[in-house]
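Residues per chain, in single letters:
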Amino acid sequence: MKIKKILLATLLSFACGTSITIAAENAGVLLQQGLKAYKEKKFKEANQLFAKAAILNPRDASLQYYASLSAFQAGDSKTGRAALSRLFLSQTSHSPYMNPALELKQRYGVSAHSYYALKNGMHTIWSRRQMPLKIYISNGLALPDAYRGKNLNVQQLSELQDWLRKPGAVQSLKQCPGYQSGFASQVKSGLGEWSWAMQERILTFQYVNNPIDANILVFWSPSFPQPSQAGQTLYMVRNTESRPVIIELRTDFSPYSSAVAGQSIRNAAAHEFGHAIGIQCHSPSGKDLMANWQYWSEGASYHITENDKETLRALYSVTPTQTF
Ligand SMILES: [Zn+2]
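This is a predicted model, so every value here is computed, not measured.

(A) Seen up close, unusual backbone geometry. Cis rather than trans, the peptide bond between Met-131 and Pro-132 has omega equal to -5°. In this structure, Pro-132 sits in the loop between strand S1 (124-125) and strand S2 (133-137). Omega for the bond connecting Ser-254 with Pro-255 falls within 30 degrees of zero, at 10°, which places this linkage in the cis form. The topology assignment puts Pro-255 in the loop between strand S8 (245-250) and helix H10 (258-276). One non-glycine residue, Asn-120, adopts positive backbone phi at about 50°. Here Asn-120 lies in the loop between helix H6 (98-107) and S1. Positioned with a positive phi, Ser-228 is a non-glycine residue whose angle comes to about 70°. In this fold, Ser-228 is placed in the loop between strand S6 (216-221) and strand S7 (231-234).

Shown next as structure tokens:
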């Protein structure tokens, strides 16, 4: 039976781990209690024990798997789906829990769930104390030539972030070639795709005119390293604390019309904002807003999906590795 196999794998992973923390040990005790309750068919009780263990160790696939399984068995599909999303959030396709999780999804008819969203295994979200997130959308400004539209290394990004914090720095930037006056409002329209997250109190954001203490800054670039790339998001993968996130959006859409350009900017802004708030990977499903932009057609309209929503919910529902 699959459960037994997974149980063995879990026990081995606890026994063989070289960096077992106190949290993991406590999670291990709760896991054993949960498995005992599960075997006695006390599914609700088992779910509570697995869920407690998963709070201590949220990126442990076994804990999220059992929390999900026991919730579904107890008839609580909402809780089951949330735990399943937390599992998919932190597990790549190589995870031994991927197939059992997909089997759970199938068995309980889960239509939407999260996708893998961590960068190098780092789970990074905005801290509560930064809310509401302050978003500065520049009216057509481009970063200095040395940084504009480029892939930056850690040192370059760190220099740029420090520089942007200096009084007058942003004001000294030049207008980006190809920028049209309606583009900034397309950005706001695109970010509106995420307003449901405010209603659900996952995060809050507001627009600011002062770039100095903004959390997320939006600039413009005529082009990017890859042709047809519509935007990029620059953030630290480590040492993220109090560092701003920078979004750059493309201005040159020739030979397309202004209407196509506007729609493309809206799509790109909505997508890049997803990266800026912590979804640091692409969805494997081409229909999702956070799918790789190479799936997109210029000028078509893209919107947030239930998979994207589940991913953000899962991301902000547990203690992260670090915060912005
Ligand atoms: Zn992307």
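From this point on, the discussion continues.
(B) Focus on the domain arrangement of the protein chain. Taken domain by domain, the protein chain consists of domain 1 (2-107) and domain 2 (124-314). Distance between the C-alpha centres of domain 1 and domain 2: 35 Å.

(C) Focus on the pairing of S6. Counting buried positions along S6 gives six out of six residues, so the element sits mostly inside the fold. Across three bridges, S2 lies against S6 in parallel orientation. Within the sheet, the bridge partner assigned to Tyr-136 lies in S6 and is Leu-217. Summarising the sheet, S6 and S8 pair through six bridges and their orientation is parallel. Each bridged residue has a counterpart across the sheet, and for Trp-220 the counterpart in S8 is Leu-249.

(D) View of the environment of Gly-75. Take Gly-75: it is sitting in the loop between helix H4 (61-73) and helix H5 (77-90). Given 10 C-beta atoms within 10 Å, Gly-75 falls into the exposed group. Taking the C-alpha atoms as reference points, Gly-75 and Ile-212, separated by 137 residues in sequence, lie 50 Å from one another.

What counts and what doesn't
- Residues numbered from 1 in each chain as written.
- Predicted model: local features only at pLDDT ≥ 70, side-chain atom pairs only at ≥ 80, totals over all residues.
- Helix = DSSP H or I, 4+ residues; strand = E, 2+ residues; numbered from the N terminus.
- Domains from an automatic or database assignment.
- Buried ≥ 20, exposed ≤ 12 C-beta atoms within 10 Å, placed from the backbone.
- Pairing = 2+ DSSP bridges.

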